[in-house]
Amino acid sequence: MKIIVCVKQVPDAKDVRLDPETNTLAREGVQSIMNPYDQHALEEAVRLKEQLGGEVTVLSMGPPQAVDVLRQAISCGADRGVLVSDRAFAGADTWATSYTLAKAVHKIGDFDLILCGKQAIDGDTAQVGPGLAIQLDIPFVTCIQKVREVDDKGLVLERMMDDGYDVVAVSYPALLTVVKDLNEPRIPSLKGKMKAKKAEFEIFSAEDVGADSTCIGLAGSPTQVVNVFPPPPRGKRAVLTGTVEEQIEQLVEKLAVYL
Amino acid sequence: MLIVDSELCIGCGVCEESCAFGAIEVVDGCAVVGDACTLCGACVESCEVEALEIDGGEKSIQADFESWQGVWVYCEFRAGTLAPVSLELLGAGRRLADARGVSLSAVLIGADTGDTAQRLIGHGADRVYRIDDSALAYFTDESYGAVLTDLIKTHKPEIVLAGATAIGRSFIPGVANSLGAGLTADCTQLDIRADDGALLQTRPAFGGNIMATIVCLSSRPQMCTVRHKVMKELEFDSSHQGEIVDVTPDPVLLQSKVRVLESVISEQDNVNIQESDILVAGGRGMDNAKGFELIRELADSIDAAVAASRAVVDAGWIAYPHQVGQTGKTVAPKLYIACGISGAIQHVAGMQSSETIVAINRDENAPIFDIADFGIVGDMYEIIPMLITKIEGQRGS
Ligand SMILES: Cc1cc2nc3c(=O)[nH]c(=O)nc-3n(C[C@H](O)[C@H](O)[C@H](O)COP(=O)(O)OP(=O)(O)OC[C@H]3O[C@@H](n4cnc5c(N)ncnc54)[C@H](O)[C@@H]3O)c2cc1C
Ligand SMILES: Nc1ncnc2c1ncn2[C@@H]1O[C@H](COP(=O)(O)O)[C@@H](O)[C@H]1O
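Describing the overall build of chain A
Phase 1: Each helix and strand counted, chain A has six helices and 14 strands in total.
Phase 2: Reported as C-alpha extents along the three principal axes, the dimensions of chain A are approximately 65 × 40 × 40 Å.
Phase 3: Each of the 259 residues in chain A was classed as buried or not, and the buried ones make up 58%.
Phase 4: Excluding contacts between residues fewer than 6 apart, the proportion of contacts in chain A whose partners are at least 24 apart in sequence is 69%.
Phase 5: When the accessible area of chain A is evaluated, it comes to approximately 11,100 Å², of which 48% is carbon and sulfur surface.
Phase 6: The averaged location of the 37 negative side-chain charges in chain A is 5 Å from the averaged location of its 28 positive side-chain charges.

Structure below.
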């Protein structure tokens with residue numbers, strides 16, 4: 001079974017915050033991590049490989065330093081890592097990202113299954129997974145919370161809905177996006193870490209994947225950011241005072257409109 | 001490309017601070033752009049001497065750009081029920097359509113939709129495209145996506161809105177991608193730009209730490225998914241006139257390679273916390289599953305739904321659909337009562353747009369108090385029972 005996992009390097013949320021005085025993003029010491037949802041996608045891919053045999057390729061699009069997440073993926077059980085990286089990709093929105101990843105998938109070759117995270121925590125769009133499936137012309141199912149059955153033909157899955165879940169069946173090739181409930185990602189083993197240390201990665205440029213220059217980066221993106229600004233500030237914090245009883249009294253008074 | 005005008009740049013470093021990706025550095029008194037730049041534009045905004053500019057190259061405008069007209073709302077219908085966000089979107093759609101001087105159409109896809117189309121007209125639609133077919137009883141991305149894509153190609157609306165629900169955020173990206181259209185996820189504000197009529201789509205990014213406004217200038221339709229509870233629905237007006245257009249889809253469009261075997265509406269998960277006006281959220285401070293019962297009691301006393309931090313979900317006291325935060329749901333109720341929640345950034349990311357936030361925590365330094373409108377420092381086992389009694393007393397009187 002050949003599985004491709006799309007992983008994105010994102011700034012760690014706990015470091016990204018607005019400086020309340022200057023209203024700018026404080027980025028001091030912003031660490032980069034593998035997008036949390038993608039860790040669950042990777043874990044599931046490695047489990048499927050352990051069960052059915054095969055190979056797990058991790059694919060990322062990003063600047064050269066994004067190889068760090070590929071290395072992390074190898075330490076957690078992936079076999080091969082591909083980075084699509086080119087200055088020309090800068091400013092890609094979800095359409096251009098899906099297009100570029102699809103081109104890279106074609107170059108990687110045959111696959112049975114593609115796994116993505118439900119969304120990336122920097123943009124929170126949840127659009128790249130479905131977009132990639134459309135570009136590749138394969139079926140997709142989003143928000144997988146459980147793999148019920150799997151064999152060499154296909155899968156039976158639970159997908160999370162707002163009012164419960166749907167049980168669906170799909171055959172290969174297919175693309176799935178996953179949520180956090182699916183599994184518990186493993187900690188890298190010592191052997192995995194050794195393997196990651198030595199791992200080499202294939203780097204694809206725009207030309208390598210045969211991308212049309214009008215479809216990538218900012219030029220290939222139908223959407224364009226025209227303004228970035230801080231959210232409206234919240235009022236000042238107000239810790240109530242007095243005995244517990246008095247505090248509760250005050251609180252219920254303040255909340256009267258809602259009760 | 002991000003271009004730095006070295007003549008204008010004074011090396012002040014404001015852009016360096018404004019970059020969430022660490023892609024700008026001031027070297028020898030001038031800003032230098034690194035590989036991590038995503039062209040988000042935050043630095044351009046922040047530069048006081050206008051030394052930064054984004055050059056996107058020329059985008060070719062779609063050939064039939066001008067012929068796309070009208071505002072559409074995808075109205076989600078599942079298992080006999082219309083998603084409430086649909087009516088809010090008709091309210092927003094009406095406003096946009098009036099600003100553009102065009103008509104507002106609703107798209108209703110499903111089976112046994114009854115008098116839903118009539119309802120949509122009463123809530124502001126001038127036209128309803130109704131695709132009611134037993135083959136559409138269950139949602140699949142392929143069939144719903146193919147039906148909507150085909151309709152959009154035929155009628156060419158300039159704007160398409162959909163709810164940022166599980167269904168909307170699943171199949172709408174597929175539709176937009178196959179149309180080559182721009183799609184903005186999870187918008188919280190929509191406006192028409194006066195000079196060119198473009199749809200200004202504003203959404204939170206980085207867990208609500210920044211807001212970004214997005215436009216689509218070269219292609220049509222302009223598409224977005226919109227959060228629940230941010231747009232206002234119009235009162236039902238039985239005198240509002242509209243036409244219902246029944247569409248019979250080509251059978252080819254109704255096929256799907258994904259088969260739905262079963263649709264499980266879960267008793268426990270069915271309360272969609274994104275739809276509640278009041279949420280009572282419990283954290284690890286409740287100690288154990290039994291302690292968490294107190295949260296449920298408090299919620300019952302004020303007709304609220306129950307939410308939780310990830311720590312609680314991981315401990316198995318409540319199911320994942322109740323988790324709020326970066327890896328759970330984003331909520332914006334009128335009132336959010338956080339009990340025994342420390343206020344980790346990943347949790348705050350999912351609830352900081354709530355109208356009023358109340359925090360109860362025994363640690364006065366807990367970060368949750370930084371965003372709370374009202375805080376009580378103390379032990380929950382003492383506070384919550386008293387609060388329930390007080391509220392019941394208040395409501396009883
Ligand atoms: C990648 C990633 C994604 C994450 N996503 C999410 C997410 O989506 N949502 C989320 O919530 N978290 C998320 N987290 C976890 C987050 O970092 C915190 O660990 C979590 O939110 C903590 O939950 P808590 O506040 O319930 O528990 P704690 O941090 O343990 O806080 C418990 C609080 O209860 C108080 N307390 C204890 N006993 C009492 C008492 N008797 N009376 C009053 N107060 C009491 C304590 O003072 C403390 O402040 C994520 C973490 C990572 C790394
Ligand atoms: N640049 C990228 N490289 C690799 N995978 C990506 C990239 N961007 C998004 N993805 C994948 O698509 C998912 C959804 O991302 P998004 O649509 O940006 O929220 C992520 O969880 C990844 O699996």
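Focus: the site of ligand 2
All names here are of chain A.
Phase 1: The immediate surroundings of ligand 2 are formed by 19 residues, with Cys 6, Asp 38, Met 61, Ala 120 and Thr 125 found nearest.
Phase 2: Measuring from a nitrogen atom of ligand 2, one finds a backbone N or O atom of Met 61 at 2.8 Å.
Phase 3: Between ligand 2 and the protein, one listed contact pairs an oxygen atom with a backbone N or O atom of Gln 127 at 2.9 Å.
Phase 4: With the chains in place, 97% of the 480 Å² that ligand 2 exposes on its own is no longer accessible.

Some details on the site of ligand 1
Phase 1: Near ligand 1 you find 26 residues, and of these Arg284(B), Ser309(B), Thr327(B), Ser342(B) and Asp379(B) are the closest.
Phase 2: Close to ligand 1, residues of chains A and B are found.
Phase 3: Here Gln326(B) contributes a backbone N or O atom positioned 3.0 Å from an oxygen atom of ligand 1.
Phase 4: Gln346(B) places a polar side-chain atom, nitrogen or oxygen, 2.8 Å from an oxygen atom of ligand 1.
Phase 5: Here ligand 1 loses 80% of its free accessible area of 990 Å² to cover by the protein chains.
Phase 6: Mapped by element, the contributors of at least two residues to the shell around ligand 1 are α8 (310–314), α9 (345–348) and α11 (380–396) of chain B.
Phase 7: For the shell around ligand 1, a count of residues per class yields seven nonpolar, 14 polar and five charged.

What about the interface of chain A and chain B?
Phase 1: In this complex, chain A contributes 85 residues to the contact, which on the side of chain B involves 111 residues.
Phase 2: In this structure, the connection of chain A to chain B is made through 30 residue pairs in polar contact (both at pLDDT 80 or more).
Phase 3: Of all the elements, helix α6 (residues 244–254) of chain A adds the most residues to the side of chain A that touches chain B, at eight residues.
Phase 4: Relative to strand β14 (residues 210–215) of chain B, strand β14 (residues 224–229) of chain A runs antiparallel, the two sharing five bridges.

Re a negative patch on the surface
Phase 1: On the surface, Glu245(A), Glu246(A), Asp287(B), Asp379(B) and Glu382(B) cluster together into a patch of negative charge.
Phase 2: Note that Glu245(A) resides in helix α6.

Thoughts on the domain arrangement of chain B
Phase 1: What the domain assignment reports for chain B is domain 1 (2–54), domain 2 (65–254) and domain 3 (268–396).
Phase 2: The C-alpha centroid of domain 3 of chain B is placed 41 Å from the C-alpha centroid of domain 1 of chain B.

Definitions and cut-offs
Numbering of residues starts from 1 in each chain and follows the order in which that chain's sequence is written. Chain labels run from A onward and ligand labels from 1 onward, assigned in the order the entries are written. Local features in this predicted model are restricted to residues whose pLDDT is 70 or higher, and side-chain atom pairs enter the listing and the counts only when it is 80 or higher, whereas totals over whole chains, interfaces and linings include all residues. Computation of side-chain values: all heavy atoms of the structure, hydrogens and water removed. Comment: elements are numbered from the N terminus, with helices defined as DSSP H or I runs of at least four residues and strands as E runs of at least two. For every residue, the accessible area (1.4 Å probe, protein chains only) is compared with the maximum for its type, and the residue is labelled buried under 20%, exposed over 50%, or partly exposed between those bounds. Contacts are residue-level and defined by heavy atoms, with any inter-residue pair within 4.5 Å sufficient. The protein chains shown are the only cover counted for residues, whose accessible areas, like all others here, come from Shrake-Rupley with a 1.4 Å probe. His is not counted, nor are the chain ends, whereas Lys and Arg count as positive and Asp and Glu as negative. In this description, the location of a charge corresponds to atom NZ of lysine, CZ of arginine, CG of aspartate or CD of glutamate. We define proximity as follows: a residue is near a molecule or strand when any one of its heavy atoms falls within 4 Å of that partner. Identification of polar contacts relies on pairs of N or O atoms within 3.5 Å, with a donor-acceptor requirement for protein atoms, meaning one able to donate a hydrogen and the other able to accept it, and with residues adjacent in sequence counted only if both atoms are side-chain atoms. Here the nonpolar group is Ala, Val, Leu, Ile, Met, Phe, Trp, Tyr, Cys and Pro; Asp, Glu, Lys and Arg are the charged ones; every other residue, Gly included, is treated as polar. The rule for pairing is simple: two strands pair if DSSP sees at least two bridges between them. Patch rule: a residue counts if its relative accessible area is over 30% and it has no salt bridge; like charges are joined within 9 Å, and nonpolar side chains (Val, Leu, Ile, Met, Phe, Trp, Tyr) within 5 Å. Criterion for a salt bridge: a side-chain nitrogen of Lys or Arg within 4 Å of a carboxyl oxygen of Asp or Glu. Each domain's extent is set by a domain assignment, obtained either automatically or from a database.

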